[in-house]
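Residues per chain, in single letters:
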Amino acid sequence: MSSARHTRLLIIGSGPAGYTAAVYGARAMLEPILIQGIQPGGQLTITTEVENWPGDTEVQGPDLMLRMEAHAKATGAEIIADHISALDLSRRPFTAAGDSGTTYTADAVVLATGAQAKWLGLPSEEKFKGFGVSACATCDGFFYRGQEVVVIGGGNSAVEEALFLTNFAAKVTLVHRRDELRAERILQDRLFRNPKIETIWFHTLDEVLGGDNPPGVTGVRLRDLRDGSLREIPCSGVFVAIGHAPASELVADQLETHHGGYVVTKPDSTATAIPGVFAAGDITDHVFRQAVTSAGMGCMAALEAERFLAAEDAAAPAAPDVAAVGAG
Ligand code: NAP
């Protein structure tokens, strides 16, 4: 059923940036509406231990996001389970179309849609997605109990996935295109000390090998980047962890983007080129991309939205004084 909702502040996305913007927006009495999107809680809901969220030596990602949601609700933000499929920033109020049929209009918008996993783009990767190829060890790792798996990548995500997979798999092979990992030192130490993990340097995934009947992965063909030679190794699962790309499709033709789709904001600000539209977290941050920096940007976005709306209110013509008009 279609319906319409208007809000002073619409927050799109439910990761650390979105929920923090909701907390600050609610405390500024803006009565924000936050739309959660397809994956409520965002990327942290598909991780396990988070060890760099200040105040928690160790916290489970999904628990942390439930706490953030509860905090945003407790401050008075309205959290809605809906997904925005179209956003019109060409005129105000801004208009967002929800899959639920609800049309949301807003005086200001915080874009906090985060990022999504990148893929290599190989036809065989596409063919076996869901049949042995995955970008989420915490979602699919359980299926590989006692089997051999391969992880592609050299960043925090790849190393965390490899470590997590050792809980199930008999052997984990990490394949990286250089001979140096990008991951934090503490994660690298754990990786190198784990007897179940082998690392193959200077290689990329050339092809996922598998059968059709039933569909399933039987191995990978790797390319040695030093001499182009190929080698095959058997495995039943392939986890692609080569980074994340910003989820900026909603605004790609309305706002300037750079570095592969990250929304451009003004220096030292979350303001975009459209007055009243702010971007926070992984949709705009191509440098740090941490939960804590995303939360910080969510705070900035709400504070900047509040100032923007207050300046507009102050500039608006005063409403006629009804008592004075009646007395005349
Ligand atoms: P990332 O840091 O960008 O690392 C991507 C890795 O994939 C790099 O090692 C890169 O190789 C490799 N790669 C990229 N394209 C490739 C290709 N076409 N073929 C083969 N390899 C390719 O991405 P991420 O690990 O997803 O992390 C994203 C951000 O989230 C980072 O800022 C990270 O710190 C953060 N994060 C933090 C935590 C945590 O704090 N616990 C956990 C997960 C993610 P090169 O190194 O050669 O470029």
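Scope of this entry: the structure provided in the associated data block. Computed from a predicted model, the values in this text were never measured in an experiment. (Residues numbered from 1 in each chain as written. Predicted model: local features only at pLDDT ≥ 70, side-chain atom pairs only at ≥ 80, totals over all residues. Heavy atoms only, no water.)

### Regarding the state of the cysteines
Right, so step 1: Under the criterion given, the structure shown has one disulfide.
Right, so step 2: There is a disulfide in this structure between Cys136 and Cys139, and the S-S distance comes to 2.0 Å. Taking the sign of the S-S torsion, 75 degrees for the link of Cys136 and Cys139, the bridge is right-handed.
Right, so step 3: Cys139 sits in the partly exposed class, given a relative accessible area of 39%. (Disulfide = S-S within 2.5 Å. Buried < 20%, exposed > 50% of the residue type's maximum accessible area, 1.4 Å probe, protein only.)

### Some details on the layout of surface pockets
Over the atoms rolls a probe the size of a water molecule, and its path tells where empty space is left.
Right, so step 1: Within this model, the second largest pocket holds a volume of roughly 220 Å³.
Right, so step 2: Looking at the second largest pocket, the residues that line it are Tyr19, Thr20, Val23, Trp53, Leu64, Arg67, Met68, His71, Ala295 and Gly296.
Right, so step 3: Of all the elements in the fold, those that place two or more residues in the lining of the second largest pocket are helix 1 (16-27), helix 2 (61-74) and helix 7 (291-315).
Right, so step 4: Here the lining of the second largest pocket is built from residues that sort into six nonpolar, three polar and one charged. (1 Å grid on protein atoms, 1.4 Å probe; cavity = no way out; pocket = protein on both sides within 12 Å on 5 of 7 lines; lining within 4 Å. Points joined across faces, edges and corners; volume = space filled by probe spheres on them. Helix = DSSP H or I, 4+ residues; strand = E, 2+ residues; numbered from the N terminus. Nonpolar A, V, L, I, M, F, W, Y, C, P; charged D, E, K, R; others polar.)

### Thoughts on the packing of helix 1 against helix 2
Right, so step 1: At their nearest, the axes of helix 1 and helix 2 sit 8 Å apart, and the two run at 20 degrees to each other. Overall, the two elements helix 1 and helix 2 adopt an arrangement that is roughly parallel. In terms of crossing hand, the pair formed by helix 1 and helix 2 is left-handed. In this structure, helix 1 uses Pro16, Tyr19, Ala22 and Val23 to contact helix 2, whose residues at the interface are Met65, Met68, Glu69, His71 and Ala72. (Axes fitted to C-alpha atoms, helices over the stretch in contact; angles between N-to-C directions. Parallel < 35°, antiparallel > 145°, perpendicular 65-115°, else oblique. Left-handed = near helix turned anticlockwise from the far one by under 90°. Contact = heavy atoms within 4.5 Å.)

### Comments concerning the side chain of Asp224
Right, so step 1: Tracing the sequence through the fold places Asp224 in strand 15 (residues 215-224).
Right, so step 2: The buried category is assigned to Asp224, whose relative accessible area is 8%.
Right, so step 3: Setting aside residues up to four positions removed in sequence, Asp224 forms contacts with Phe202, His203 and Ser229.

### A short note on the sheet that holds strand 11 (residues 148-152)
Right, so step 1: Pairing is parallel in the open sheet, where five strands are placed in the order 10-17-11-12-13. A strand with exactly one partner marks an edge of an open sheet, and here the two such strands are strand 10 (133-134) and strand 13 (197-200).
Right, so step 2: As defined by bridge partners, strand 10 adjoins strand 17 (residues 237-240) across two bridges and the pair is classed as parallel. Looking at the pairing, Val133 lines up with Val238 of strand 17.
Right, so step 3: Along the sheet face, helix 5 (residues 156-165) touches strand 11, strand 12 (171-175), strand 13 and strand 17 and points at about 170 degrees away from the line of strand 11. (Pairing = 2+ DSSP bridges.)

### Observations concerning the pattern of salt bridges
Right, so step 1: Going through the model one piece at a time under the given rule, you end up with 16 salt bridges.
Right, so step 2: Salt-bridge contacts for Glu126 lead to Lys129; the nearest nitrogen and oxygen are separated by 2.8 Å.
Right, so step 3: Put simply, Arg221 and Asp206 hold a salt bridge, and the shortest N to O gap is 3.2 Å. With Arg221 in strand 15 and Asp206 in strand 14 (residues 203-212), this pair connects stretches of sequence that are 15 residues apart.
Right, so step 4: Judged by relative accessible area, which is 21%, Arg221 ranks as partly exposed.
Right, so step 5: Connected through salt bridges with shared partners, the residues Asp206, Glu207, Arg221 and Arg223 form a single ionic network. (Salt bridge = Lys/Arg side-chain N within 4 Å of Asp/Glu carboxyl O.)

Just distances and angles here, no functional claims.
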